[in-house]
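Architecture at a glance
The primary structure of each chain is shown beneath.
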Amino acid sequence: MFNAASVPSYSPLSASSSSAEDSPLSRYGWTPEHTQLFAPLAEAGLFPARIVRVDRGQCDAVLADPETVELRTVRLDTRPVGDADMINCPCTGDWAAVDLNAQPMAAVSALLPRSTAIIRKVAGKRSDGQVLAANVDTVLIAASLAVDPDLGRIERFLALAWESGAEPLVVLTKADLVDDAEFIRADVEAVAPGVTVLVVSAETGEGIDVLRACAPGTTVVIGQSGVGKSTLTNALVGTEVMVVQEARSVDQKGRHTTTTRELTALPGGGVLIDTPGLREVGLYGGEGVDLAFADIAELAEDCRFHDCSHNTEPGCAVRAALADGTLPQRRMDSYLKLQRENEWIASRSDARVAKARLNKWKTITKSMRAAGGPVKR
């Protein structure tokens, strides 16, 4: 850890080369596009860094040491940008602009625009969103073969992944514990149209090399506790970077071994973000559901009416597929359930925006009246 109070004059974008590809941060995903976005911030004396772990009010980030141009991990204060809503707070995977001279400790001054973001609804009845990871290329959805995969939950994870803007990838873990892995993969592929489904075993190494090839850039691992996310992370990294606990033998449910989202560089290139197990996966609106259920959307194109609700309208291709068994009723029920959640989130979001607008004008009106001036809207 270096002393931020004695930082020499240094341009973080041209310390040893004018090429962004030669930047030490390229190992963590820094690109020429990031260089262009960061240029005004560099002129202001700020330094680029990638957030690798977030705690309450602080975070760990990787940046190039101004003295040696080598990658170093620094502890940063996030409170200057942490007073915003949960979605805009710094999170693992963010590219940050760091003020190394801030007091009493170096701090995050700004965040670069996110290329992708995995956002879920917070637990409970609130409609706020929570960012799980930012700037990811692949969302690795892990499900264990030690128990029958919950297809409805996989569909929910797929909707979450598609909505983020990243590419989903389903990985069925613990293949060494079952003899019918390929049959189970076929069932999962049926609910994951257009998505690669891999069968792997961290214990035997089966499928790990293929997985590495399918997950370049930044990959985030999501799934329930006990599916082997941390074990998978260790296998990809090639060393024990994550603590692993055994799942309960009775029901194969896991414990929350991972307690925070943490980004780790992979030896062959790219980075991996391990996440705590997700018990509740609330969607935060958008088009993720339609993308996750692309097969139903394709069927709906053949409905007689373009605004068919698939209930009682004549010429409904979706109901016809349900009748002949082409479309399982379980999948249709899952689709309708997630659609209803999206509609609820949309209605709550609209109400929240309207309330914020009303509060804004109440504040303006109060200020104008106190000043004795006219109030105009």
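Further up the page is the structure itself.
Structural notes, computed from the coordinates. Numbering of residues starts from 1 in every chain and runs along the sequence as written. In keeping with the model being predicted, local features are shown solely for residues with a pLDDT of at least 70 and side-chain atom pairs are shown and tallied solely at 80 or more, while totals for entire chains, interfaces and linings include all residues. Processing note: side-chain calculations cover all non-hydrogen atoms of the structure and skip hydrogens and water entirely.

1. Digging into helix α2 (residues 151-164)
The first and last C-alpha atoms of α2 sit 20 Å apart over 14 residues, in line with the 20 Å expected at 1.5 Å per residue. Among the 14 residues of α2, 10 are classified as buried, and the element is accordingly described as predominantly covered. As used in this structure description, the phrase polar contact means that two N or O atoms lie within 3.5 Å; if the pair is within protein, one of them must be able to donate a hydrogen and the other to accept it, and residues adjacent in sequence are counted only when both atoms belong to side chains. Secondary structure elements follow DSSP: runs of H or I of four or more residues count as helices, runs of E of two or more count as strands, with numbering from the N terminus. Where α2 begins, the capping side chain belongs to Asp150, and its oxygen is found 3.1 Å from the backbone nitrogen of Gly152. Once α2 finishes, Gly165 follows within two positions and takes phi at roughly 95 degrees, a positive value. A helix is expected to reach a length of 1.5 Å times the quantity of its residues less one. Partly exposed residues are those whose accessible area sits between 20% and 50% of the maximum for their type, while under 20% is buried and over 50% is exposed, using a 1.4 Å probe and protein chains only.

2. As for the pattern of salt bridges
Any Lys or Arg side-chain nitrogen found within 4 Å of a carboxyl oxygen on Asp or Glu counts as a salt bridge. Counted according to the given criterion, the structure contains 13 salt bridges. Residue Glu155 is joined to Arg331 by a salt bridge in which the shortest nitrogen-to-oxygen separation is 2.7 Å. Of the two residues, Glu155 sits in helix α2 while Arg331 sits in helix α9 (residues 329-371), which places them 176 residues apart along the sequence. Residues Asp295 and Arg331 are paired through a salt bridge, measuring 2.8 Å at the closest nitrogen-oxygen approach. Remark: Arg331 occurs in helix α9 and Asp295 occurs in helix α7 (residues 294-300); sequence separation between them is 36 residues. What makes Arg331 buried here is its relative accessible area of 2%.

3. Focus: the pairing of strand β8 (residues 138-144)
The buried fraction of β8 amounts to 7 of the 7 residues, a majority that puts the element mostly inside the structure. The side-chain alternation of β8 yields two buried faces, one formed by Thr138, Leu140, Ala142 and Ser144 and the other by Val139, Ile141 and Ala143. Note: two strands are recorded as paired if DSSP finds a minimum of 2 bridges between them. When β8 meets strand β9 (residues 167-173), the two strands line up parallel, connected through 7 bridges. Pairing of Ile141 across the sheet is with Val170, part of β9.

4. Here's the deal with helix α3 (residues 181-190)
Among the residues of α3, Ala181, Ile184 and Val188 are the ones counted as buried. Down the axis of α3, the buried set is contained in an arc of 65 degrees. They therefore lie on one face. Residues of α3 that are exposed and angled more than 90 degrees away from the buried face: Phe183 and Ala190. Should any heavy atoms of two residues lie within 4.5 Å, those residues are considered in contact. Looking at the buried side of α3, the elements it contacts are α2, β9 and β10 (196-199). Think of the arc as the fan of directions from the helix axis to the C-beta atoms.

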